[in-house]
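As a plain string of letters, each chain reads:
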Amino acid sequence: MKWFGVRYKIFEFLLLVMPKVYVETYGCWLNRAESEVMITILSRLGYEVCSSVDEADLIIVNTCAVRSETENRILKRLSELRRVLEGRSCRVIVCGCLARVRPASILEVFPDAILLDPNSIERIGEVLNLEPGSLVFSDVPTRDVLPEFRGGLRYVVPIATGCRGNCTFCIDKVARRAVRSYDKSLIVEGVRRAVERGAREIFLTAQDAAVYGIDRGYTLVELLEAIDRIEGKFFVRVGMMEPSEVMRILDGLLDVFKRSEKLYRFFHIPLQSGDDRVLKLMNRRYSVAEYIELVRRIRRELPDASIVTDIIVGFPGEDEEAFENTCKVVKELEFDKVHVARYTPRPFTLGSTMEQIPEPVKKCRSRVLTIVANEVALKRNMRLVGSRVEVLVTGEGQSERGFIGSRTRSYKLTFLKEARVGEFAEVYIERATPIYLYGNVIRYVH
Ligand code: SF4
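Here the structure is a predicted model, which means the values were calculated and not measured.

S.K.: Help me out: how do you make sense of the pattern of salt bridges in this one?
M.R.: A full pass over the atoms with the stated rule returns 48 salt bridges. Measuring nitrogen to oxygen at the nearest pair gives 3.8 Å for the salt bridge that ties Glu 189 to Arg 193. Within this pair, Glu 189 and its partner Arg 193 are both found in helix α7 (residues 184-196), separated by four residues, close to a single helical turn. Given the relative accessible area of 31%, Glu 189 is considered partly exposed. When the shortest N-O distance is used, the salt bridge between Arg 407 and Glu 396 registers 2.9 Å. In this pair, Arg 407 is assigned in strand β16 (residues 404-408) and Glu 396 in the loop between β15 (388-393) and β16, connecting sequence segments 11 residues apart. Glu 396 shares its class with Arg 407; the two are buried.

S.K.: Please explain the packing of α7 against helix α8 (residues 220-228) as it appears in this structure.
M.R.: Two numbers describe a pair of packed helices, the interaxial angle and the distance between the axes. Where α7 meets α8, the closest approach of the two axes is 10 Å, and the angle between their N-to-C directions is 30°. In this view, α7 runs roughly parallel relative to α8, as classed from their interaxial angle. At the point where α7 passes α8, the crossing takes the right-handed sense. For the pair formed by α7 and α8, the contact residues are Lys 184, Ile 187, Val 188 and Val 191 on the first element and Glu 222, Leu 223, Ala 226 and Ile 227 on the second. For the contact of α7 with α8, the class distribution of residues is six nonpolar, no polar and two charged.

S.K.: Help me understand the sheet that holds strand β13 (residues 306-313), please; the structure alone is not making it clear to me.
M.R.: One key point about sheets: their strands pair by backbone hydrogen bonds, in either a parallel or an antiparallel sense. The three strands lie next to each other as β12-β13-β14, forming an open sheet whose pairing is parallel. Taken across any chain shown, the strands that pair with only one partner, and hence form the sheet edges, are β12 (266-268) and β14 (337-342). Recorded for the sheet is a direction-independent mean angle of 15° between the axes of neighbouring strands. Packing against the sheet, helix α13 (residues 359-382) makes contact with β13 and β14, and its axis sits at approximately 175° to β14.

S.K.: I keep staring at unusual backbone geometry and nothing clicks. Help me out?
M.R.: One can expect most non-glycine residues to show negative phi and most peptide bonds to be in trans. The backbone of Gln 272 sits at a positive phi, close to 75°, despite the residue not being glycine. Tracing the backbone shows Gln 272 in the loop between β12 and α10 (276-281). Assessed through its relative accessible area of 8%, Gln 272 is described here as buried. At Asn 283, a residue that is not glycine, the phi angle is positive and equals roughly 60°. The exposure class assigned to Asn 283 is partly exposed, which follows from its relative accessible area of 36%.

S.K.: Could you clarify how one ought to interpret the pairing of β15 in this entry?
M.R.: Consecutive residues of a regular strand have side chains that alternate between opposite faces of the sheet. Pairing analysis gives five bridges linking β15 to strand β18 (residues 424-432), with the strands arranged antiparallel. Within the sheet, the bridge partner assigned to Glu 390 lies in β18 and is Glu 426. In this structure, β15 lies alongside β16, joined through three bridges in antiparallel fashion. Its bridge partner lying in β16, Leu 392 is registered against Arg 407.

S.K.: Sorry if this is basic, but what is going on with the sheet that holds strand β6 (residues 135-136) here?
M.R.: The sheet built from six strands is open, its strands ordered β2-β1-β3-β4-β5-β6 with parallel pairing. Across the chains shown, the open sheet's two edge strands, defined by having one partner strand only, are β2 (48-49) and β6. In this structure, strand β5 (residues 114-116) lies alongside β6, joined through two bridges in parallel fashion. From the neighbouring strand, Leu 115 faces β6, where its bridge partner is Leu 135. This element, helix α2 (residues 29-44), spans β1 (20-25), β2, β3 (58-63), β4 (91-96) and β5 of the sheet and lies at about 155° to β3. Against the sheet, helix α3 (residues 68-84) makes contact with β1, β3 and β4, and its axis sits at roughly 170° relative to β3, the strand it touches most.

S.K.: Just to check I follow, could you spell out the state of the cysteines for this structure?
M.R.: Here, disulfide denotes a covalent bond that connects the sulfur atoms of two cysteines. Using the criterion set out here, one finds zero disulfides in the structure. Here Cys 28 stays unpaired: no disulfide links it, and the sulfur of Cys 64, its closest cysteine neighbor, is 6.5 Å away. Summary of cysteine pairing: Cys 97 is not part of a disulfide, and the nearest cysteine sulfur, belonging to Cys 64, is at 6.5 Å. Accessibility expressed as a relative area gives 8% for Cys 97, which makes it buried.

S.K.: Is there a simple way to explain the domain arrangement of the chain in this structure?
M.R.: How big an interface is tends to be stated in terms of the accessible area lost upon association of its parts. As far as domains go, the chain holds domain 1 (2-136), domain 2 (156-379) and domain 3 (388-445). Its C-alpha centre places domain 2 at a distance of 25 Å from the equivalent point of domain 3. Contacts between the two partners involve 21 residues from domain 2 and, on the opposite side, 16 residues from domain 3. Summing both sides of the interface, domain 2 and domain 3 together bury roughly 1,500 Å²; the carbon and sulfur share of this comes to 60%. Run the count over domain 2 and domain 3 and you get three salt bridges. Linking Lys 412 and Asp 336 is a salt bridge whose minimum nitrogen-to-oxygen distance equals 2.7 Å. For the pair domain 2 and domain 3, the interface holds seven residue pairs in polar contact (both at pLDDT 80 or more).

Rules used in this analysis
- Residues numbered from 1 in each chain as written.
- Predicted model: local features only at pLDDT ≥ 70, side-chain atom pairs only at ≥ 80, totals over all residues.
- Heavy atoms only, no water.
- Salt bridge = Lys/Arg side-chain N within 4 Å of Asp/Glu carboxyl O.
- Helix = DSSP H or I, 4+ residues; strand = E, 2+ residues; numbered from the N terminus.
- Buried < 20%, exposed > 50% of the residue type's maximum accessible area, 1.4 Å probe, protein only.
- Axes fitted to C-alpha atoms, helices over the stretch in contact; angles between N-to-C directions.
- Parallel < 35°, antiparallel > 145°, perpendicular 65-115°, else oblique.
- Left-handed = near helix turned anticlockwise from the far one by under 90°.
- Contact = heavy atoms within 4.5 Å.
- Nonpolar A, V, L, I, M, F, W, Y, C, P; charged D, E, K, R; others polar.
- Pairing = 2+ DSSP bridges.
- Disulfide = S-S within 2.5 Å.
- Domains from an automatic or database assignment.
- Buried area = accessible area lost by both parts, 1.4 Å probe.
- Polar contact = N/O pair within 3.5 Å; in protein donor to acceptor, adjacent residues only side chain to side chain.

Here you go:
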């Protein structure tokens with residue numbers, strides 16, 4: 001007993017002296033997953049994750065560069081951190097897309113930061129003792145360390161970085177260049193272990209999930225088939241996929257989605273514009289007609305699938321007729337959800353050198369398209385009222401209103417009055433809005 005007390009004291013002491021890392025992440029699921037990669041590497045070096053700046057010996061700010069508002073928010077946060085950390089020996093590493101795109105602006109507000117670009121995240125352990133103000137940039141990304149599953153229902157898995165596009169509005173391309181995919185067996189093993197430890201929802205995330213494996217001689221389809229063979233009941237969400245890359249693997253993709261009981265029937269495929277002239281100006285690699293045929297084929301073969309898209313309004317060169325064409329395509333394809341974004345020029349992109357459209361015009365188009373998108377989304381959701389669907393009770397959202405969130409097989413957010421988080425259930429859909437469904441649990445399924 002006395003010996004146990006001594007060992008416990010030593011354990012307490014070790015916890016006390018373990019260096020603490022605080023991580024702040026901005027942006028997309030890929031960024032969140034890559035923060036987990038860095039946490040995994042640091043945990044293996046003896047770091048312990050803490051939840052506040054005050055306790056931290058090391059702070060990681062994983063940034064996003066997609067919009068100017070986010071950039072300004074991050075720079076403001078960094079100058080605030082600099083003030084708070086005045087006189088404290090706490091290292092600060094700024095990583096993510098903004099570190100690669102705006103190193104000078106970041107070092108202006110935080111000269112002692114160490115900058116690490118997205119391609120170099122696996123070198124986090126090496127940079128801890130570098131001189132303040134050091135830049136660690138790599139042109140060739142490495143992707144060999146998967147994040148450790150740290151519990152909960154959802155395991156977010158980065159499967160690749162980079163893309164093959166060169167869109168004239170996109171800053172990601174400036175920050176993340178070459179495609180680098182994780183090894184398929186590493187991902188499968190990571191998912192299997194996470195499911196064994198309680199994960200019920202797997203997010204496969206990348207800059208472009210459809211380009212997965214192109215640098216390793218296989219495709220996303222083979223990865224999904226391998227994950228589908230893993231024992232256990234869980235749902236898998238595939239992240240955003242570029243249309244031109246989806247078209248390349250479509251036959252196999254539809255086949256595995258039709259056979260699998262695990263894949264959310266959910267496709268996030270950005271259209272960006274419904275006008276061919278604007279698509280050319282954006283340097284997108286498909287035509288409106290090809291995109292329409294792609295969505296129609298998915299709808300034919302997977303009628304219950306959710307199709308979500310991204311559309312930029314106000315890109316240079318978009319006149320009223322082009323905008324009307326975009327609205328027409330949204331009405332015709334009846335997307336389940338449209339992320340509408342007003343174009344903001346980003347540095348080092350061709351789009352920022354083009355003649356810009358006035359903000360009020362962008363605002364007006366954004367409002368109009370959002371109304372059109374909600375109308376068709378409601379129509380899609382109303383079809384499910386009165387039906388029975390299977391859900392995973394995830395517990396996300398609206399707890400303040402006494403609802404418990406769940407996700408249908410087509411990844412529709414469905415709120416339930418009573419439900420057991422982490423369970424699969426058959427649900428009766430009672431009502432719908434453009435964004436949510438509401439229903440009741442009929443029975444739990446195993
Ligand atoms: S394909 Fe996607 S990530 Fe790549 S440049 Fe185009 S928008 Fe950016």
